[in-house]
Amino acid sequence: MLLGALGLLATAAALLGIPWLLAVTLIALTTEFMVRQLAQSLSAASAIVYGVGLLVLCETVIAATTLPRGAMVERTVAAHRLLGVSYAVVVAAAASAVALLGGSIRVGEAVVAASIGIAAAVGLLTATGLSS
Amino acid sequence: MTRSVSPKLAIYSGFAAAAFLLALVLGRPELAALGAPFAAYLVLALALVTPPDLDVRFCIDAERTVEGETVEASVEISARSAVHEVELLPALPPGLRVGEGASRMILRLARGQRKTVPLAITADHWGLYRVGEVAVRVRDRFGVVSFDARVPPAVRLRVYPRTERLLSLVRPLETQPYAGNRVARAKGEGIEFADIRPFVPGDHVRRVNWRASARKQALYVNEAHPERNSDVVLFLDSFAEVRRAENGTLDLAVRAAASLANEYLQVRDRVGVVGFGAIVNWLTPSMGRRQLYRITDALLQTEVMLSFAWKNIDVLPPRSLPPQALVIALSPMLDERSLRAMLDLRARGFDLVVVDVSPLPFADAPDDQIDELARRLWRLWRDALRYRYEQLGVAVVEWNEQKPLLQVIEEVRRFRRSARRAYA
């Protein structure tokens, strides 16, 4: 509960123009979720919804801080931002589900699992570097 | 274009990496489920980034305007590839501001689309400006990467000082030989009756004053004062000024000079300008509307620059100060060089009027008794200085923003009526 309050406080501060405080929000709300997960053993869907919710929260806060005051914003820009967040929600939900499915695979050895994880991370970063 | 990334790239990637690592270490797939949306979002966003290809142009309807007026301008933007979000921020120099409407615009352009954003620019202060600088920021579809560019200023905008309508002017003591609207003291051809004199061969019959001729039993003709013009030189002291925020003594002096030039040129006088400061510039007297534009352009370039070089009026070419010209000096009476130059002008026989653009309203309010005393001493010193000029027959009138220029002119006229009797 305390962590959730801290997360919301950090969100409010981020809305005032300090986007870096979103990191505090994410850490606090994730810890809060994990505490509840350990205590109550929530369903797998709740993790997906919570992850997507965190992303939407961050996107909303950043969108609010990047829209300058007194600016003339075209309707299509606002609509396009909403559309972008909608795409992101779909992709994020899919990614979250894949991650949960991946987590259910039992590799056996922790070292092997870590190696697969590192290889996946390197592959992801390489793909990112190539695309940019 | 400069490429930069949003803070969310670091936040999201850091969070996703930490979540994945903790998921591995703790063996909790829920943590991976929380980090995965952020990782997927970043991968998607970075994969779709393309550098923008667009063209931004700044257009303005008028090259000239007057202080306080608004000029219509526009920013034209065209995109050769689709731009999801482009932010335009026209950067105006101090003295200009965006009038009505937003100063910042966020648009979206499809491939090959062209858009024009209207912009109203209000000129708050006279000057010569270079406008057209526009900061452009293009964001990608997800706002992770942005591209920044700056369109350099390319358009010149002249903002002329606002002028005050003057119902009367300081009348020059002497007129010039050219035709104008002023009644000369000399007698000759004209409309204004001056005197009668005996007829001499060559006089026009229509000038015979029949009533006087009948009374005196000899032919008498009317004499008239011819209509002539005068030379007026506006002597602008730009050695020093006192400034507070947007306004200063030089601004007031330039506005007054523009008003006087406009009014004297309307009555067909020849008007010239001498800018006497660290940079000396001049404009020989001439008449007409073109001269008004020349004078105003010259006034726009007037600025105060620090200089310790001693200057006197010998640096000015003789044509800039024609004999028998009325010299109206607009000075804050702060710099010894300009004070000496004005005395020198009087000593050389010029008809001199000094408008003392008072620096007192621009000085800081006194904080303590010492400040108050210093201010009083300064005021006394300025009074003594004005008295010194008045002793030489020079009208010196203190002027500040609260006082209409017309009142200054009336004070000068009143002084000159009495001074002519006292010092003639």
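Residues numbered from 1 in each chain as written. Chains lettered and ligands numbered in written order. Predicted model: local features only at pLDDT ≥ 70, side-chain atom pairs only at ≥ 80, totals over all residues.

## Observations concerning the overall build of chain A
Assigned secondary structure in chain A consists of five helices and one strand. In chain A, which comprises 132 residues, the share counted as buried stands at 26%. (Helix = DSSP H or I, 4+ residues; strand = E, 2+ residues; numbered from the N terminus. Buried ≥ 20, exposed ≤ 12 C-beta atoms within 10 Å, placed from the backbone.)

## As for the pairing of strand β21 (residues 281-286) of chain B
All names here are of chain B. Both strand β20 (residues 270-277) and β21 contribute to a ladder of four bridges, which runs antiparallel. Considered in β21, the bridge of valine 274 is made with tryptophan 282. Between β20 and β21, which pair antiparallel in sequence order, lie three residues. (Pairing = 2+ DSSP bridges.)

## Section: unusual backbone geometry
Peptide bonds are mostly trans, and most non-glycine residues show a negative phi. All names here are of chain B. A positive phi angle, close to 60 degrees, is found at glutamine 217, a residue other than glycine. Not every positive phi belongs to a glycine, and glutamine 324 is a case in point at roughly 65 degrees. With respect to the helices, strands and loops of the structure, glutamine 324 is situated in the loop between α5 (289-300) and β22 (326-331).

## With respect to the sheet that holds strand β23 (residues 351-357) of chain B
Residue and element names in this part refer to chain B. Pairing is mixed across the open sheet formed by six strands, whose spatial order is β21-β20-β17-β22-β23-β24. Each having just a single partner strand, β21 and β24 (395-399) make up the two edges of the open sheet. With direction set aside, neighbouring strand axes in the sheet form an average angle of 15 degrees. Bridge count between strand β17 (residues 231-238) and β20: eight bridges; the pairing is parallel. (Axes fitted to C-alpha atoms, helices over the stretch in contact; angles between N-to-C directions.)

## Observations regarding the interface of chain B and chain A
Between chain B and chain A, the residue contacts involve 39 residues of the former and 49 residues of the latter. Elements supplying a minimum of two residues to the side of chain B that touches chain A: α1 (7-26), α2 (29-47), β5 (83-90) and β7 (104-109) of chain B. A per-element tally of the side of chain B that touches chain A places α2 of chain B first, with 16 residues. Here the residues of the side of chain B that touches chain A sort into 28 nonpolar, five polar and six charged. Two elements, strand β1 (residues 71-73) of chain A and β7 of chain B, share three bridges in a ladder whose sense is parallel. (Contact = placed C-beta atoms within 7 Å. Nonpolar A, V, L, I, M, F, W, Y, C, P; charged D, E, K, R; others polar.)

## Focus: the domain arrangement of chain B
In many analyses, interface size is given as the accessible surface area lost on bringing the parts together. Taken as a whole, chain B is organised into domain 1 (2-46), domain 2 (54-160), domain 3 (187-225) and domain 4 (231-423). Spacing between the C-alpha centres of domain 2 of chain B and domain 3 of chain B amounts to 70 Å. (Domains from an automatic or database assignment.)

## Brief notes about α5 of chain B
All names here are of chain B. The terminal C-alpha atoms of α5 lie 17 Å apart, and with twelve residues this matches the ideal 16 Å at 1.5 Å per residue to within 8%. Gln291, Leu292, Ile295, Thr296, Ala298 and Leu299 are the residues of α5 that are buried. Taken end-on, α5 shows its buried residues confined to a sector of 160 degrees, consistent with a single buried face. Facing away from the buried surface of α5 by more than 90 degrees, the exposed residues are Arg289 and Arg290. Those residues of α5 that are buried lie in contact with β12 (155-160), α4 (249-266), β20 and β21. (Expected span 1.5 Å × (residues − 1). Arc of directions from axis to C-beta.)

## Quick word on helix α1 (residues 2-15) of chain A
Residues and elements named next belong to chain A. Taking 1.5 Å of rise per residue, 14 residues should cover 20 Å, and α1 covers 20 Å from first to last C-alpha, within 8% of that figure. Every buried residue belonging to α1 is among Gly7, Ala10, Thr11 and Ala14, and all of these are buried. On an axial view of α1, the arc spanned by its buried residues comes to 105 degrees, and they lie on one face. Opposite the buried face of α1, by more than 90 degrees, sit the exposed residues Leu2, Ala5 and Ala12. Positive phi appears at glycine 17, one or two residues downstream of α1, with a value of about 120 degrees.

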